[in-house]
Amino acid sequence: MDKEIIANIKSLAIDMIAEAGSGYPGISLGSAPILYTLYSKHLNISTSDSKWLNRDRFVMSAGCGSALLYAILFYTGYDLLIDDLKKYRKLNSRTPGFPEYKKTDGVDASTGIAGSGFATAVGMALAEKMLETKYIIPSSTRIERDRSLINYKVYALCTETDMMEGITNEAASLAGNLNLDNLIILYDSNNITIDGDTSITFTEKVLDKFKALGWHTDSVKNGNDISLIDKAIDKAKTAGMPAIIEIKTVLGDGSLLAGSNEIYNKPLEIKDIEQLKQKLELPLEKFYVNDEAVKDFRKRVLDRSSYKYEEWSHNYKLYVDEVLKGDRRKIDYLFKNEVNIDLLRLYWDLDINSKHELRISNQMVIDKISSVLPNFVGGSADLASETYAKISKSITVTDGRYNGKNISFGNRESAMGAILNGLALSGFRPFGSTYLALSDYVKPQIRQSALMNLPVTYIFTHDTLTANGEGPLYQPVEQLATLRSIPNLNVFRPADVKELIGCWNIILNSNDNPSALIVSKNPTAIIPSSDAGMCGRGAYIVRKEEKLHGIIIATGADVNMALVLANDLYNKYKLDLRVVSMPCMELYNMQSNEYKNLLIPKGYRIFVLESGSSFGWEKFVYDPSYLLTVNEYGTSASKGDIEKYVKNDFPTLREKILDKFTKK
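Residues numbered from 1 in each chain as written. Predicted model: local features only at pLDDT ≥ 70, side-chain atom pairs only at ≥ 80, totals over all residues. Heavy atoms only, no water.

1. Here we look at the state of the cysteines
Here is the idea: a disulfide is a covalent bond, and it sits between the sulfur atoms of two cysteines. Basically, it comes down to this: Two cysteine sulfurs form a disulfide in these notes if their separation is within 2.5 Å. The rule is simple: take the accessible area with a 1.4 Å probe, protein chains only, and divide by the maximum for that residue type; under 20% is buried, over 50% is exposed, in between is partly exposed.
Considering all chains together, one arrives at zero disulfides under this definition. Cys158 provides the cysteine sulfur closest to Cys64, a residue in no disulfide bond, and the two sulfurs are 11 Å apart. Residue class for Cys64 comes out buried when judged on its relative accessible area of 11%. Counting only cysteine sulfurs, Cys503 is the nearest neighbor of Cys535, a cysteine outside any disulfide, at a range of 4.2 Å.

Pasting the structure below:
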């Protein structure tokens, strides 16, 4: 029956690709025995409760094998029909080209660019360790010994393309350091990429590298031998460290093009499909299903997992009744991942007469959030002493000490982003931080957060050209525009601590999208007229005029400069300028035209002040000369000299504004 099921899974995948006219038949044929072994013999899942909290997770990092995954999910009994397989890669189908979270039942994470799935799986494994430590059922609670309510495994299927990407090494290094022994990577090693044999690009000894990183390593020489794959997974489960199993396969096994890059990403020709099905001893009809094999497979999965599901359900009730005393709210966040907290109602001890570095104020806000939100965790890419993105009253997660809320990601910005996604997929509200100039490292993973609608918060500091003395390397110019270009991402740049609290209030109560929070290193005074509650509008007036002559739109630390400019121009020239703080352009864009026209009425001179690229601001002004922005890299110099160099100093800005009112 094993052979018949694997054959049918292969044929379904090939039919899907042929019907769609595109796809990756190579991995679908080569990896079928691997996924069959995993799903039939190891994964603890429930197809009737596919979001079961304690289920084993599987990440298809090799997302090009989506046809294979959908075929195996259908066989397993998830909510997929043959009609769904027939609509592979079609508009609005439940079987998209690459696996997508929330679109297909049984898919635990969207597949990102190569290596992202691997790193996301590391985040999911870290989440399990943190939850396992937190939710303990004491031995006195009608059981003989302490046990955890949470104890699942995380698996991922990867290929050479994953192994070559740098993010994989970043994530593997951290997984080894934290000893995530609940993580098992199945490495389909077929020595082929789109461009040809890996001998021209990839000859490293993968298992030796992983062993050096603190991983258990194993190899299976024959990818068609399910008994060897089965035994290797069994060993990995008890290895006591993260595990990787290299499984040697033949890309496109059984095809006339097997073992070549020609089978990588092109549908098989009709004659190849016919000879393949003959080899597999299957009928030639499209989307043939062996009903007896399906029943057998689903029974195996049910027989293996149902007892564990029932046992866990019993333990969950025990935990809620006797540990939580019936108060499910203390664990419900893991099921819903929703927040209902109003930070504006909390007490904030703010000194309105002193200047604050927002990065330091941000730590105060983080600490307050942590005290009321149990699943709030995060850290920094080796810059906690600079970004202050750390929960001061909690410890740092280390090997064997997973009860902390701070995560030290090390110099691994890209992996940090993917790990944050893995944490969010597991019920946490995570944050991660680095310099704004380094946000490009994280961008692909921010994009994944946006694609999956995950409430991840990316904190970026050092947002002005004068924040560091290192020169243009760490001076962010284009990064704000880059972040604002990402769909479904809210970019917040608060002007003072009051706006900071208001921005966090929106972030925490936005459960379906990620956020980028930009906090300045420069000391900033509290603006008397700033309003935390108005941050939800995206923009509002912080300097009201008596007789409107013009408007300055500013963000973040630049709002203070805008206020200084407006007051100076009024005192010396009687020019009365409105100053609009715009902490979030995305939220402003969502407002009604009535509000927009009231805030920034047409027919007046409108300026934009932001110490970054002008890209994206053009729509607010009459012509580019009204953009008081920076479109060049800075230099290594003192604060004042840098501002003069990029023409962002007070005298230059004042003259630019004044010129628009005096020049005919």
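2. Some thoughts on the side chain of Glu128
Using the following cut-off: Here a helix means four or more residues in a row that DSSP labels H or I, a strand means two or more in a row labelled E, and each is numbered from the N terminus. Positive charge is attributed to Lys and Arg, negative charge to Asp and Glu, and no charge count is given to His or to the chain ends. Definition used for salt bridges: Asp or Glu carboxyl oxygen within 4 Å of a side-chain nitrogen of Lys or Arg. By definition in these notes, contact holds between two residues if any of their heavy atoms fall within 4.5 Å.
Residue placement: Glu128 occurs in helix H6 (residues 116–134). Buried and without a salt bridge, Glu128 has Lys129 as its closest oppositely charged side chain, separated by 4.9 Å. In contact with Glu128, not counting residues within four places along its chain, are Ile150, Asn151, Tyr152 and Asn182.

3. A closer look at the packing of aromatic side chains
Definition in use: Under the pairing criterion, centres of Phe, Tyr and Trp rings, with the six-membered ring standing for Trp, must be within 6.5 Å; the plane angle then separates stacked pairs below 30 degrees from edge-to-face pairs above 60, leaving the rest tilted. Only when the NZ of Lys or the CZ of Arg is both within 6 Å of the ring centre and within 35 degrees of the ring normal is a charge said to sit over the ring.
One pass over the full model with this rule turns up 23 aromatic pairs. Measuring from ring centre to ring centre gives 5.7 Å for Tyr36 and Phe297, while their planes differ by 40°; the resulting arrangement is tilted. You can see Tyr36 sitting in helix H3 (residues 32–41) and its partner Phe297 sitting in helix H12 (residues 291–323), a full 261 residues away along the chain. Per residue, the accessibility class of Tyr36 equals that of Phe297, and both read buried. Seen in terms of ring centroids, Trp52 and Trp312 are 6.3 Å apart; in terms of plane orientation they differ by 70°. Their pairing is edge-to-face. Here Trp52 is found in the loop between H3 and strand E1 (57–59), whereas its partner Trp312 is found in helix H12, with 260 residues between them in sequence. Accessibility assignment for this pair places Trp52 and Trp312 in one class, buried. Taken together, the ring pairs in this structure connect Trp52, Tyr309, Trp312, Tyr316 and Phe335 into an aromatic cluster. Taking the ring centre of Tyr570 as reference, the NZ or CZ of Lys574 above it sits at 4.9 Å. Note that Lys660 overlies the ring of Tyr626, its terminal NZ or CZ placed 4.7 Å from the centroid.

4. Structural notes on the packing of H3 against H12
Note the threshold: Fitted lines through C-alpha atoms give the axes, limited to the stretch in contact for helices. The angle between two N-to-C directions lies from 0 to 180 degrees. Should an angle fall under 35 degrees it is called roughly parallel, over 145 degrees roughly antiparallel, and 65 to 115 degrees roughly perpendicular, with every other angle called oblique. Amino acids are sorted into nonpolar (Ala, Val, Leu, Ile, Met, Phe, Trp, Tyr, Cys and Pro), charged (Asp, Glu, Lys and Arg) and polar (every other residue, Gly among them).
Where H3 meets H12, the axes come as close as 8 Å, and the angle between the chain directions of the two elements is 50°. On the basis of their axis angle, the class for H3 and H12 is oblique. When H3 is examined against H12, the residues Tyr36, Tyr39, Ser40 and Lys41 are found in contact with a partner set consisting of Phe297, Arg300, Val301 and Arg304. Within the contact of H3 with H12, the residues separate by chemical class into four nonpolar, one polar and three charged.

5. Let's talk about the environment of Gly259
Position of Gly259 among the secondary structure elements: in the loop between strand E9 (243–248) and helix H11 (270–279). Between the C-alpha atoms of Gly259 and Glu274, which are 15 residues apart in sequence, the distance is 19 Å. In contact with Gly259, other than residues within four places in its own chain, are Ile192, Val250 and Leu251.

6. A word on the environment of Asn593
Mapping Asn593 onto the fold places it in helix H22 (residues 593–599). For Asn593, a relative accessible area of 58% puts it in the exposed group. With 160 residues separating them in the primary sequence, Asn593 and Ser433 have C-alpha atoms 35 Å apart.

7. A short note on the side chain of Lys277
Put simply, the test is: Pairing of N or O atoms within 3.5 Å defines a polar contact, subject to two protein rules: one partner must be a possible hydrogen donor and the other a possible acceptor, and residues neighboring in sequence count only if both atoms are side-chain atoms.
Of note, Lys277 is situated in helix H11. A polar contact is formed between the side chain of Lys277 and the backbone oxygen of Glu285, at a distance of 3.2 Å. The contacts of Lys277, once residues within four sequence positions are left out, are Ser11, Asp15, Leu282, Pro283, Leu284, Glu285 and Lys286.

8. A closer look at the pattern of salt bridges
Counting across every chain of the model gives 27 salt bridges. The shortest N-O distance in the salt bridge between Arg300 and Asp296 comes to 2.8 Å. Of the two residues, Arg300 and Asp296 are both situated in helix H12; the distance of four residues between them amounts to about one turn of the helix. According to the relative accessible area criterion, Asp296 is partly exposed, its value standing at 25%.

9. Here's the deal with unusual backbone geometry
At Asn191, a position not held by glycine, the phi torsion is positive, near 60°. Phi is positive for Tyr388, which is not a glycine, with a value near 60°. Following the sequence through the fold, Tyr388 ends up in the loop between helix H15 (384–387) and strand E12 (406–408). When its relative accessible area of 25% is taken as the criterion, Tyr388 is described as partly exposed.

10. Remarks on the sheet that holds strand E19 (residues 550–554)
The cut-off we apply is this: The pairing criterion for strands is at least two bridges between them, as found by DSSP.
Read across the open sheet, the five strands follow the order E18-E20-E19-E21-E22; overall the sheet is mixed. With one partner strand each, in any of the chains shown, strand E18 (540–543) and strand E22 (627–628) form the two edges of the open sheet. Where E18 lies against strand E20 (residues 577–581), three bridges are found, and the strand directions are antiparallel. Each residue of the ladder has a partner; that of Ile541, found in E20, is Val580. Strands in contact with helix H24 (residues 650–662) are E19, E20, strand E21 (605–609) and E22; relative to E21, the strand with the most contacts, it is inclined by about 165°.

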